[in-house]
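Now for the letters of each chain:
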Amino acid sequence: MKQLATILCLLLFSIQLSAQSEAPSPIIFIYDASGSMWGQMQGKTKMEIATEVLSTTVNKLPPNQNVGLVAYGHRKKGDCKDVETLVSMENSSKGEINSSLKKIKPLGMTPLAYAASQVIDGLRKSKKKATIILITDGIESCNGNIGEVVTAAKKEGIDFRLHIVGFGLKANETEQLRCVANAGEGKYYDAADASGLSDVMNDATAETVDKPKGNVSVYAVKNGVAIDAWVKAYDVVAKRAPISVRTYKDTAYFYLPPSKYNFGVTPLEGSDVKMVSVEGIQSFEDKITHKTISFDGGKIDVTTTNNGKNWDCMVKVLDVNGKTVASLRTYNEPKEVEVNPGIYKVSIQALGDMKGLETSTEIENVKVEASGIKPISHNFTTGTAFIDAKADGNSIDSVVTIDESLSGKNVAGGRTYSRGKEFLLNPGTYKVKVAPLGNYKDRKTQIVTVEVKKGEAITKTLNF
């Protein structure tokens, strides 16, 4: 029994060691406690919103995730070195983070560079790697240069990933922070309100230093302006689970194991397109693949002919749900119709006197790309059948009914009006029924079979 107990203890110890070795690298939050965080947003101060969102975000992290907290501007007004580590990165207690957040009272300056240098110095001394998430509602106010701090640390070989979350920043205040996040091999996230802050915090905590560096970048635009979009990558070779990223009106990077992918891109603003599909994206281990996804309109170039000559047709463009999104009439010449990017079905109905079982067609899976032109064409085929009814050597008025022989479906009909009538028919075999009118209406109806061939004319005269 002792031997069994010893084995169980050793096994448990081994499992614990394994769990420890697989623990993720720490996440260190740098929290803005400058005086501007007293500003109002949606009926609350920015401090209240940030505290609530950060607490919720931390509570969602895995049990073995160590979390540190650094605050700036919370102790002394006007002090550009007011930076304090409230919770070390060795901390595993989410409650410790939440408790510390509640004690912070915004007061002072925005020393972004100095705050970042303090956190990076801690990584330098500990020789650990970490994910740093800097939350700020303003730009540097202490003459520091956070870009230089981050760039120098990367050149030194310190291993970290820096994400910057701009909370309620003005449009002209974000560009420098985007560059800094890029230098820190992370992302810049722009959050305009509480909901946006929650979304970006969830994304930022998922993109940790432990993840491979992005090897695929995506950018979504509409009419030349960046839009927020959700990109889902489907591996067409290994069939692994889809991998997603959100663009947040910027270039987004994510890691796709080397393979070939199809993208499904859904706009989250600025477009009524439901999704754009992009196929055949190749990812590589040693270089970045970039794809710009445009939600600008594309065109379908429609050419409809009969026996090779332009023909008048009615054309409808239907989306994946069968809804008509565009329609046009060709009027005997090629025509273009503009639609949003996507996959469509095109329905074509021949007009004029064409009759038969092949006067309409549908073209499936017509893929329209942004700013592109997708040519499609369809050629109908016909021949002619001239039907005349005669009595006593003269043409007489009669009713003509034409049925397709195999199906029995009626396809055409008309009156000869004592001069005969020509019918434009799809190639095929037809039963033609002729019933005299007027003075000859008492004469028996006649039925004949005619074969119509492409581009050929046939004449059939029935004598009564």
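Keep in mind it's a predicted model, so treat the numbers as computed, not measured. (Residues numbered from 1 in each chain as written. Predicted model: local features only at pLDDT ≥ 70, side-chain atom pairs only at ≥ 80, totals over all residues. Heavy atoms only, no water.)

In this structure, what is going on with the sheet that holds strand E19 (residues 313–318)? I would like to understand it.
One key point about sheets: their strands pair by backbone hydrogen bonds, in either a parallel or an antiparallel sense. The sheet built from four strands is open, its strands ordered E20-E19-E22-E24 with antiparallel pairing. Each edge of the open sheet is held by one strand with a lone partner, namely strand E20 (324–329) and strand E24 (360–368). Geometrically, the sheet is characterised by an average inter-axis angle of 20 degrees between neighbouring strands, direction not taken into account. Across five bridges, the pairing between E19 and E20 is antiparallel. Residue pairing across strands places Val317 opposite Ala326, the latter belonging to E20. (Pairing = 2+ DSSP bridges. Helix = DSSP H or I, 4+ residues; strand = E, 2+ residues; numbered from the N terminus. Axes fitted to C-alpha atoms, helices over the stretch in contact; angles between N-to-C directions.)

Mind showing me how you'd approach the packing of helix H4 (residues 112–126) against helix H5 (residues 146–156) here?
A pair of packed helices is characterised by two quantities: the angle between their axes and the separation of those axes. Two numbers describe how H4 lies on H5: the axes approach to 8 Å, and their chain directions differ by 15 degrees. Taken together, the axis directions place H4 and H5 in an arrangement best described as roughly parallel. As H4 packs across H5, the resulting crossing turns out to be left-handed. Here Leu112, Ala113, Ala116, Ser117, Ile120 and Arg124 of H4 come into contact with H5, specifically with Ile146, Val149, Ala153 and Glu156. Here the contact of H4 with H5 is composed, by residue class, of seven nonpolar, one polar and two charged. (Parallel < 35°, antiparallel > 145°, perpendicular 65-115°, else oblique. Left-handed = near helix turned anticlockwise from the far one by under 90°. Contact = heavy atoms within 4.5 Å. Nonpolar A, V, L, I, M, F, W, Y, C, P; charged D, E, K, R; others polar.)

Would you take a moment to explain the sheet that holds strand E1 (residues 27–32) for this structure?
If you walk across this open sheet you meet the six strands as E5-E4-E1-E6-E7-E8, and the pairing is mixed. Strands at the two margins of the open sheet, each flanked by one partner only, are strand E5 (83–87) and strand E8 (188–191). Strand-to-strand twist of the sheet, defined as the mean angle between neighbouring strand axes without regard to direction, takes the value 20 degrees. When E1 meets strand E6 (residues 130–136), the two strands line up parallel, connected through five bridges. Across the sheet, residue Ile28 finds its bridge partner in E6, namely Ile132.

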